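Analysis of the macromolecular model
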Amino acid sequence: MRYRSDQWYGGNDRDSYIHRAWMRRGLPRSAFTGRPQIAIANTASDLTPCNKHLNEVSASVQAGIWEAGGIPLDMPVMSLGETLVKPTAMLWRNLAAMAAEEMIRANPVDGVVLLGGCDKTIPALLMAAASVDLPAVVVPGGPMLTGHFRGVPLGCGTDVWRLSEEVRAGNLSQEDFLASESAMIRSKGHCNTMGTASTMACMAEALGMTLPGVAGTPAPDSRLLESAHASGRLAVDLASSGRTPSQVLSTGSFRNAIVALAAIGGSTNAVVHLLAIAGRAGVPLSLDDFDAIGADVPLLANLAPAGQYLMDDLYRAGGLLAVLREVSDLLDPDALTVSGRPLAEHLGEARIWDESVIRPRSAPLLEKAGIAVLRGSLAPGGAVIKPAAATKELLTHRGPAVVFDSIEDMRARLDDPALDVTEDSVLVLRGCGPRGYPGMPEVGNMPIPARLLARGVRDMVRISDARMSGTAYGTVVLHTVPEGAAGGPLALVRDGDPVVLDVPGRRLDLDLPEAELARREPAPAMTAALPGPRRGWERLYIDHVLQADQGADLDFLVGSSGHQVTRDSH
Ligand code: FES
């Protein structure tokens with residue numbers, strides 16, 4: 001059998017000699033003939049603590065590859081630690097995707113196993129794999145085990161937001177808050193809520209890009225290594241059979257992902273990532289598809305932040321496949337997985353083992369859970385809200401705007417006693433979109449002003465061009481398009497303007513006469529040059545990033561370049 005890597009290793013000329021000789025290092029010549037070379041795109045890094053254990057996972061993948069007759073090649077790729085990277089990991093997602101794509105293509109690789117976990121790593125790897133279109137399978141690193149503090153389970157992310165708000169409200173001492181710190185992260189693995197990392201692992205599985213059943217396996221669970229081993233074996237099979245991501249990523253598989261996203265109460269960040277992956281795969285997918293396909297899907301997974309439990313509960317209760325079995329009538333029956341069989345065919349064995357964690361279809365947590373897409377005079381290109389994480393009474397709301405031009409502006413004034421804000425106000429944050437920040441940080445869930453918190457207010461309508469952490473919650477409108485810095489109407493809002501949110505009607509409006517809006521100039525902060533030197537990746541990003549409704553990819557990275565290499569290096 002001939003493999004792509006034969007372009008490097010086949011033959012007896014000078015170049016194939018060079019390619020083999022430098023790679024021999026104890027390997028026999030037979031390692032380079034008729035055996036698929038499988039790269040393991042590994043995002044393990046000390047600075048990405050959620051992915052730190054992926055070297056161990058890689059060892060199991062390698063064992064599986066050897067066992068199936070392939071040659072494993074560890075390929076460390078750019079990693080992104082969500083909690084550490086400034087100004088925001090999202091600024092670098094496209095760079096990580098571009099670098100992984102180029103290195104997979106540039107090297108003698110016949111297939112690739114993608115090891116990710118922390119928020120941006122799985123999306124970046126899937127974007128890369130879709131663009132290079134070599135056989136690929138994802139192994140999600142898995143969530144951490146649930147930590148407890150004084151007898152109460154801690155959902156990482158979600159409970160940081162909750163506890164810090166209680167400190168601001170005066171209900172929790174700073175000392176107690178800090179005492180919870182060492183209990184927050186109990187084990188290896190990524191965040192244990194249905195945040196972005198858990199969501200994207202489930203999205204990878206719903207898209208068909210993992211072994212069915214692996215998403216959500218806790219990082220310390222030995223079954224993760226068993227699945228990693230099986231994924232290594234599968235990668236060899238994929239390379240031999242030539243099954244590539246373009247045969248898996250289809251309109252039907254994105255439909256399945258959107259249904260899954262709603263049923264698990266997944267992160268709004270998945271909208272941006274799925275749009276970007278679809279853009280790479282050439283699958284037509286629009287913001288409106290999320291509403292059309294997902295809006296009426298029931299919420300079945302009772303997981304924080306929308307519900308009560310955490311990821312290891314989901315796994316013991318039956319996992320993603322048990323959730324999907326409940327909504328199997330909504331799935332595309334033909335959408336393939338890397339197994340070579342449709343996702344729907346993998347649901348037969350799935351069972352719910354704990355109905356308090358995974359609700360049956362007949363008793364959902366919420367009848368309609370999908371992400372709602374809003375449009376109107378404040379969001380002509382669309383905006384999103386996750387009703388499942390919002391306060392029901394606020395889903396229809398009219399209130400005066402309190403506007404902030406940046407997160408620095410918001411932090412400086414939010415708790416100022418002079419700020420004219422009530423619980424009916426609508427907090428508007430702009431300058432936080434892909435281009436304006438740059439990088440579209442997770443700041444859309446603005447804190448509630450302290451004096452309102454002290455009065456017991458825990459939610460308000462908040463609107464921005466930013467994203468929100470998948471572990472956060474509230475009546476928060478996000479991803480407003482166009483963003484303020486790209487000339488969107490968000491730049492025109494002034495303090496006191498009436499804002500109307502109508503989630504059932506899918507509207508987000510600035511209730512002002514059109515003539516008034518036409519007369520207004522954008523706020524100076526929205527047209528001012530960004531401070532500081534802008535060079536390198538940031539320069540490229542600002543000049544080429546697309547808006548959130550197109551996945552915030554770079555315009556020149558959309559689509560696929562395939563895996564051909566046409567020029568030699570020597
Ligand atoms: Fe890495 Fe949450 S910080 S997954």
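Above this text you will find the structure in question.
Below or above, wherever it landed, is the structure these notes cover. Bear in mind the structure is a predicted one, so any value in this text is a computation, not a measurement. (Residues numbered from 1 in each chain as written. Predicted model: local features only at pLDDT ≥ 70, side-chain atom pairs only at ≥ 80, totals over all residues. Heavy atoms only, no water.)

The volume enclosed by the second largest pocket comes to roughly 400 Å³. Around the second largest pocket sit 17 residues that line it, and Gly431, Gly436, Ala525, Leu530 and Pro531 are the ones nearest its centre. A total of three residues in the lining of the second largest pocket trace back to one element, the largest contributor, which is helix 20 (residues 524–527). Taken together, the residues of the lining of the second largest pocket break down into nine nonpolar, four polar and four charged. (1 Å grid on protein atoms, 1.4 Å probe; cavity = no way out; pocket = protein on both sides within 12 Å on 5 of 7 lines; lining within 4 Å. Points joined across faces, edges and corners; volume = space filled by probe spheres on them. Helix = DSSP H or I, 4+ residues; strand = E, 2+ residues; numbered from the N terminus. Nonpolar A, V, L, I, M, F, W, Y, C, P; charged D, E, K, R; others polar.)

The next thing to look at is the side chain of Arg243. With respect to the helices, strands and loops of the structure, Arg243 is situated in the loop between helix 10 (222–241) and helix 11 (245–248). No salt bridge is formed by the buried Arg243. Its closest oppositely charged neighbour is Asp237, at 4.3 Å. Polar side-chain contacts of Arg243 include one of 2.5 Å to the backbone oxygen of Val338. Dropping the residues within four chain positions of it, Arg243 is found in contact with Pro135, Asp237, Leu238, Thr337, Val338, Ser339 and Gly340. (Buried < 20%, exposed > 50% of the residue type's maximum accessible area, 1.4 Å probe, protein only. Lys, Arg positive; Asp, Glu negative; His and termini not counted. Salt bridge = Lys/Arg side-chain N within 4 Å of Asp/Glu carboxyl O. Polar contact = N/O pair within 3.5 Å; in protein donor to acceptor, adjacent residues only side chain to side chain. Contact = heavy atoms within 4.5 Å.)

Another aspect to go through is the environment of His273. Relative to the helices and strands, His273 is located in helix 13 (residues 269–281). The exposure class of His273 is buried, given its relative accessible area of 0%. When the C-alpha positions of His273 and Gly431 are compared, they lie 21 Å apart, and in sequence the two are 158 residues distant. Dropping the residues within four chain positions of it, His273 is found in contact with Met90, Arg93, Lys120, Pro123, Thr196 and Met200. A polar side-chain atom of His273 sits 3.0 Å from a polar atom in the side chain of Arg93.

All right, on to the packing of aromatic side chains then. Where two aromatic rings form a pair, the distance of their centres and the angle of their planes describe that pair. Counted by the stated rule, this structure contains two aromatic pairs. Both rings, one in Trp537 and one in Tyr541, keep their centres 6.3 Å apart while their planes meet at 50 degrees; by these two values the pair is tilted. Residue Trp537 and its partner Tyr541 are located together in helix 21 (residues 536–544), separated by four residues, close to a single helical turn. This pair shows no difference in class: Trp537 is buried, exactly as Tyr541 is. (Phe/Tyr/Trp six-rings, centres within 6.5 Å; stacked < 30°, edge-to-face > 60°.)

Right, let's talk about the packing of helix 5 (residues 121–132) against helix 13 for a bit. Look at helix 5 against helix 13: their axes get within 8 Å of each other, and the N-to-C directions meet at 15 degrees. Classified by the interaxial angle, the pair formed by helix 5 and helix 13 is roughly parallel. As helix 5 packs across helix 13, the resulting crossing turns out to be right-handed. Within the contact between the two elements, helix 5 uses Pro123, Leu126, Met127, Ala128, Ala130 and Ser131 and helix 13 uses His273, Ala276, Ile277, Arg280 and Ala281. Among the residues making up the contact of helix 5 with helix 13, the classes are represented as eight nonpolar, two polar and one charged. (Axes fitted to C-alpha atoms, helices over the stretch in contact; angles between N-to-C directions. Parallel < 35°, antiparallel > 145°, perpendicular 65-115°, else oblique. Left-handed = near helix turned anticlockwise from the far one by under 90°.)

With that settled, consider unusual backbone geometry. A cis amide bond, omega 5 degrees, links Lys86 with the succeeding residue Pro87. For Pro87, the position within the fold is in the loop between strand 2 (71–76) and helix 4 (90–106). The residue after Val481, namely Pro482, is reached through a cis peptide bond having omega -5 degrees. The residue Pro482 is located in the loop between strand 12 (476–481) and strand 13 (498–502) in this model. Phi angles above zero are rare outside glycine, and Asp133 is one such case at about 55 degrees. With respect to the element layout, Asp133 can be found in the loop between helix 5 and strand 4 (136–140).

With that settled, the discussion passes to the pairing of strand 10 (residues 426–429). Judged by which residues are buried, strand 10 turns out to be covered on both faces: Val426 and Val428 on one side and Leu427 and Leu429 on the other are all buried. Where strand 9 (residues 396–404) lies against strand 10, four bridges are found, and the strand directions are parallel. Each bridged residue has a counterpart across the sheet, and for Val402 the counterpart in strand 10 is Leu427. Bridge analysis of strand 10 against strand 11 (residues 461–464) gives four bridges, and the strand direction is parallel. In the strand pairing of strand 11, Val426 is matched with Val461. (Pairing = 2+ DSSP bridges.)

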